[in-house]
Amino acid sequence: MNTDVFSPEKRSAVMRCVKGRDTSPELAVRRILRAAGIGYRLGGIGLPGRPDVVMKGRKVALFVHGCFWHGHDCPRGARQPKTNADYWIAKISRNRARDAAAVKALEASGWRVVVVWECEMRKADFAARLIAMVLGQAASVAA
Ligand SMILES: [Zn+2]
């Protein structure tokens, strides 16, 4: 009898989540880009901050940020951790500093940076906004 809780497929999907790659918000973004016929590559290795999605031809670097981890200015981002608050606050502030440095470095070398926050993805017109951002027709994904 197979007592393994996960199938091999499921397990590797879980492992990918644990490692922070291929999380579902990122998959959703990729699905939208694909549907719009926008070519992209994953994991900008060698680029500042290692963007999640890179559109080299357009010189667009895209990050998908979790609101809590990256300290977004929204209810989820403002949520206070109940335990180890000092630890998390310090960690989130380091993440924010690193994010800001990455954006600065990318822009300095001619990249356009698109930051997608998880909470923005719940908006009905998110896909249209995302595409406009990537094409440089909108300044922000936010409403
Ligand atoms: Zn948010």
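The coordinates are above.
The shown structure was predicted, so the numbers you read here are calculated from the model rather than taken from an experiment.

### What to know about the nonpolar core
Okay, so step 1: Val 29, Leu 33, Met 55, Leu 62, Val 116 and Leu 130 are the most contacted members of the largest nonpolar core, which has 16 residues in total.
Okay, so step 2: Every element with two or more residues in this core is listed here: helix 2 (24-35), strand 2 (53-55), strand 3 (60-65), strand 4 (112-117) and helix 4 (126-134).
Okay, so step 3: Per-element tally for this core: the top contributor is helix 4, with four residues.
Okay, so step 4: Apart from residues no more than four positions distant in its own chain, Leu 33 is found in contact with Ile 38, Tyr 40, Val 53, Met 55, Leu 130 and Val 134.

### A short note on the layout of surface pockets
Once rolled over the atoms, a probe with the size of a water molecule shows which space is left empty.
Okay, so step 1: In this structure, the second largest pocket spans a volume of roughly 160 Å³.
Okay, so step 2: Every residue along the wall of the second largest pocket is listed here: Phe 63, His 65, His 70, Arg 96, Asp 99, Ala 100, Ala 102, Val 103, Val 115 and Trp 117.
Okay, so step 3: Among the secondary structure elements, those contributing two or more residues to the lining of the second largest pocket are strand 3, helix 3 (85-108) and strand 4.
Okay, so step 4: In terms of residues, the lining of the second largest pocket owes the most to one element, helix 3, which gives five residues.
Okay, so step 5: Its residues assigned to classes, the lining of the second largest pocket comprises six nonpolar, two polar and two charged.

### Concerning the sheet that holds strand 2
Okay, so step 1: As summarised here, the arrangement of the four strands in space is 1-2-3-4, forming an open sheet in which the pairing is mixed. What marks the edges here is a single partner per strand, and that holds for strand 1 (41-42) and strand 4.
Okay, so step 2: Here strand 2 runs beside strand 3; their pairing, made up of three bridges, is antiparallel. What sits directly across from Val 53, in strand 3, is Leu 62.

Parameters at a glance
Residues numbered from 1 in each chain as written. Predicted model: local features only at pLDDT ≥ 70, side-chain atom pairs only at ≥ 80, totals over all residues. Heavy atoms only, no water. Core = buried A, V, L, I, M, F, W, Y, C linked by side-chain atoms within 4.5 Å. Buried < 20%, exposed > 50% of the residue type's maximum accessible area, 1.4 Å probe, protein only. Helix = DSSP H or I, 4+ residues; strand = E, 2+ residues; numbered from the N terminus. Contact = heavy atoms within 4.5 Å. 1 Å grid on protein atoms, 1.4 Å probe; cavity = no way out; pocket = protein on both sides within 12 Å on 5 of 7 lines; lining within 4 Å. Points joined across faces, edges and corners; volume = space filled by probe spheres on them. Nonpolar A, V, L, I, M, F, W, Y, C, P; charged D, E, K, R; others polar. Pairing = 2+ DSSP bridges.

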